[in-house]
Amino acid sequence: RICILPFEHLQADSSLDYLREALPALLAVAASRSEEHAVVDRQHLDQVLAEQSLTLEGLTSPDTRHRIGRLLGATVMMTGSFVRQDQELLITMRASDLETGIVSATAEGRGPVGQPGQLVSKLYRQLARDLDRRLPDLAPDQIDEAPAGNLHFMKGLGHFYSARYSHALAEFFLAAGDKALTEVSRLWLANAYMAQQQYPHAYLELIRLAGGGS
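None of these values were measured; they are calculated from a predicted model.

Summing up its helical and strand segments, the protein has 8 helices and 5 strands in all. Across the protein, contacts joining residues at least 24 apart in sequence account for 52% of those joining residues at least 6 apart. Of the roughly 10800 Å² that the protein leaves accessible, carbon and sulfur atoms contribute 49%.

In total, this model carries 2 salt bridges according to the counting rule given. Between E88 and R110 there is a salt bridge, with the nearest N and O atoms lying 3.8 Å from each other. One end of the pair, E88, is in strand β4 (residues 88-97); the other, R110, is in strand β5 (residues 103-112), with 22 residues separating them in the sequence. Among the residues examined, R110 registers a relative accessible area of 43% and is labelled partly exposed. Among the ionic pairs, R208 bridges to E205, the shortest N-O distance being 3.1 Å. Here R208 and its partner E205 are both found in helix α8 (residues 199-209), 3 residues apart, which amounts to about one turn of the helix. By relative accessible area, R208 is classed as partly exposed at 24%.

By volume, the second largest pocket is sized at about 320 Å³. L5, P6, E8, L56 and R65 are the residues nearest the centre of the second largest pocket, which is lined by 15 residues in total. Secondary structure elements with two or more residues in the lining of the second largest pocket: β3 (76-85) and β4. Split by residue class, the lining of the second largest pocket holds 6 nonpolar, 4 polar and 5 charged.

Across the protein, the average pLDDT comes to 79, with 86% of residues at or above 70. Throughout residues 134-142 the model reports pLDDT below 50, and contacts reaching past four residues in sequence, or to other chains, amount to 27 contacts.

Of all hydrophobic cores here, the largest spans 46 residues; its most connected members are L19, M78 and I91. In terms of residues, this core owes the most to one element, helix α1 (residues 19-31), which gives 7 residues. What M78 contacts, discounting residues up to four positions off in sequence, is I2, C3, I4, L5, L27, R94, A95, Y124 and L127. Membership of the second largest hydrophobic core comes to 12 residues, among which are C3, L45, V48 and L98.

Between two packed helices, both the angle of their axes relative to each other and the distance between the axes serve to describe the pair. At a minimum axis distance of 10 Å, the contact between helix α2 (residues 42-51) and helix α3 (residues 62-72) shows a crossing angle of 125 degrees. Comparing their axes, α3 and α2 come out oblique. Seen from above, α2 lies across α3 with right-handed handedness. Where α2 abuts α3, its residues H44, L45, V48 and L49 lie against I68, L71 and L72. When its residues are assigned to classes, the contact of α2 with α3 shows 6 nonpolar, 1 polar and no charged.

Another aspect to go through is unusual backbone geometry. Phi angles above zero are rare outside glycine, and S53 is one such case at about 55 degrees. Structurally, S53 can be placed in the loop between α2 and α3. Its relative accessible area of 67% is what places S53 among the exposed residues.

Glancing now at the packing of aromatic side chains. Any two aromatic rings considered together are summarised by their centre-to-centre distance and by the angle between their planes. Summed over all chains, the structure comprises 4 aromatic pairs. Consider the rings of F160 and Y165, whose centres lie 5.5 Å apart with planes at 65 degrees: the pair is edge-to-face. Across the pair, exposure class does not vary: F160 and Y165 are buried alike.

This part takes up the environment of A190. With respect to the element layout, A190 can be found in helix α7 (residues 182-195). Distance from A190 to E205, taken between C-alpha atoms, is 5.6 Å for residues 15 residues apart in sequence. Ignoring sequence-local partners within four residues, the contact set of A190 consists of A202, E205 and L206.

About the criteria used
- Residues numbered from 1 in each chain as written.
- Predicted model: local features only at pLDDT ≥ 70, side-chain atom pairs only at ≥ 80, totals over all residues.
- Heavy atoms only, no water.
- Helix = DSSP H or I, 4+ residues; strand = E, 2+ residues; numbered from the N terminus.
- Contact = heavy atoms within 4.5 Å.
- Areas by Shrake-Rupley, 256 points an atom, 1.4 Å probe, with all protein chains shown as cover.
- Salt bridge = Lys/Arg side-chain N within 4 Å of Asp/Glu carboxyl O.
- Buried < 20%, exposed > 50% of the residue type's maximum accessible area, 1.4 Å probe, protein only.
- 1 Å grid on protein atoms, 1.4 Å probe; cavity = no way out; pocket = protein on both sides within 12 Å on 5 of 7 lines; lining within 4 Å.
- Points joined across faces, edges and corners; volume = space filled by probe spheres on them.
- Nonpolar A, V, L, I, M, F, W, Y, C, P; charged D, E, K, R; others polar.
- pLDDT = per-residue confidence, 0-100.
- Core = buried A, V, L, I, M, F, W, Y, C linked by side-chain atoms within 4.5 Å.
- Axes fitted to C-alpha atoms, helices over the stretch in contact; angles between N-to-C directions.
- Parallel < 35°, antiparallel > 145°, perpendicular 65-115°, else oblique.
- Left-handed = near helix turned anticlockwise from the far one by under 90°.
- Phe/Tyr/Trp six-rings, centres within 6.5 Å; stacked < 30°, edge-to-face > 60°.

Below, the structure is given as structure tokens:
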């Protein structure tokens, strides 16, 4: 059971702030496809932190992480940071064993700012290998194959995991206009509608995703 935290943005560049939530969201989507591993829902994490009078920034000490991990039923906590260097994005990821509080694997790499999916996939595989765990691999780099909708989809994920659901809907609608992203965008449109308890709209998007409507 894996807990993924928002990534730390190491520079004052608000144009990339959406990646704080979007990068870990890509990991969460990939891991959720595995039958052997589960990802802690972000709302569950926020709920446990609120009950413990903590914030994400408070998860710094090994003892605190171990306590929160035990409450969440998680065994691994994944964290990361990123920074823009010219036209490239430098990403660092870390996996910590929540039983011991020790960082057990790290991975770092760089790639084009506008195509983070391939870099996330590469670093994820490195972490899996170093952890000696059969973590699920990322799907083909579908998002990076759709540059026109890539930015909108990534921003949508960032808004969704920050509970800005109306903004997420707007971005996912724009991303759905790209054929390569239509299906995955409709899935996240449904998620955003359900988060707002707009169940008829969510149902309609799922019907469209299943091929029952246009």
